[in-house]
Amino acid sequence: MAKRLKRLDKRENRTLNLMSMAREERRLHREDNAMEFYFGRVLAERMMAAESRPPDVSMPERVRDVVATIPPHGNVLDLRPHINEMSEAELWSTVNACPQATHVLTSGWTWVTDKALRSLAVGLGERLELVDLSETQVTDEMVAVFASRLFALHTAKLAGCPLVGQSGLRALCANCNASLTAVDLSKCARVDSECLGWLGGTEGYPPRPCRKLASVSCAGCPRVGDKGLLSLGGGGCPNLKFVNMSDCPGITNRGLVGLTRGCTKLRVKKHTRTHTSHATEGRKRERGRGRVGN
């Protein structure tokens, strides 16, 4: 009988212990919920206070001037009037102040650097759709740094950039080939037929053609020849509609025919007759010189 009572006492003690543990667990749970509610309320109050806070008066005056030119829902960040007077810190502040920008205009930028381009890419790269770097001293290495953070770019304006060549186009196509629709390479002295080959997917392995490409301008690029047009017409750019090849003396009828056959949607081939006549006149002059020499 005594043993039985001892067992009953042990069971009762065990039950009491379990009940006390359950009560303690419920108490701790209530305290945790109370703390979460408190901190959540504090965080919400701080966020509301931040939203109602007046503009940061410490923002540099030049940055405020740039931001003031953008409409409330505008997506074009035009830095051309200010870019050459801005510092890298001011550029970074401007980018952070305009998170809605999808188009950036910086043509004529005289002090372009890879660090400054990285700031643009880090701040806007996920949504940047158009970038204008025309008439700048941007290099292939800078283009590679910039393009590595671009995920939605559809228009790249590099007209009048004498230092852009094959490496820059390779990096641009490697990162943006899925979204790129327009490229302006006018008056780029280093752009040649191989550069167009990267756009058309005939250069490099595995090939990365820009299948959405609709517009290409290589006007004033004397190193572009028939090989470049044949690369564009090789099937990698089925949506190509506009090609500007004015002032490209190396282009002949062979390249024009190959481009036309490969790009069935092509509507405009700017100044093609002029190119053909230039090439023909050049051959005639060479023959005439040969006859005179004989």
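Scroll up to find the structure this text is about.
For the structure given in this document, a descriptive report is provided here. (Residues numbered from 1 in each chain as written. Predicted model: local features only at pLDDT ≥ 70, side-chain atom pairs only at ≥ 80, totals over all residues. Heavy atoms only, no water.)

### Some remarks on the overall build of the protein
A count of helices and strands for the protein gives ten helices and eight strands. Long-range contacts, defined here as pairs at least 24 residues apart, represent 81% of the contacts in the protein between residues at least 6 apart. With an accessible surface of roughly 17200 Å², the protein has 54% of that area assigned to carbon and sulfur atoms. (Helix = DSSP H or I, 4+ residues; strand = E, 2+ residues; numbered from the N terminus. Contact = heavy atoms within 4.5 Å. Areas by Shrake-Rupley, 256 points an atom, 1.4 Å probe, with all protein chains shown as cover.)

### With respect to the environment of L133
Tracing the backbone shows L133 in the loop between β3 (130-132) and α5 (140-147). On the basis of relative accessibility, which here comes to 3%, the residue L133 falls in the buried class. The spacing of L133 and S107 is 26 residues in sequence and 4.8 Å in space, taken between C-alpha atoms. Other than its neighbours up to four places away in sequence, L133 contacts T106, W109, L117, F146, K157, L158 and C161. (Buried < 20%, exposed > 50% of the residue type's maximum accessible area, 1.4 Å probe, protein only.)

### A short note on unusual backbone geometry
With an omega dihedral of -5 degrees, the bond running from Y205 to P206 counts as a cis peptide bond. For D247, which is not glycine, the phi dihedral falls at a positive 60 degrees.

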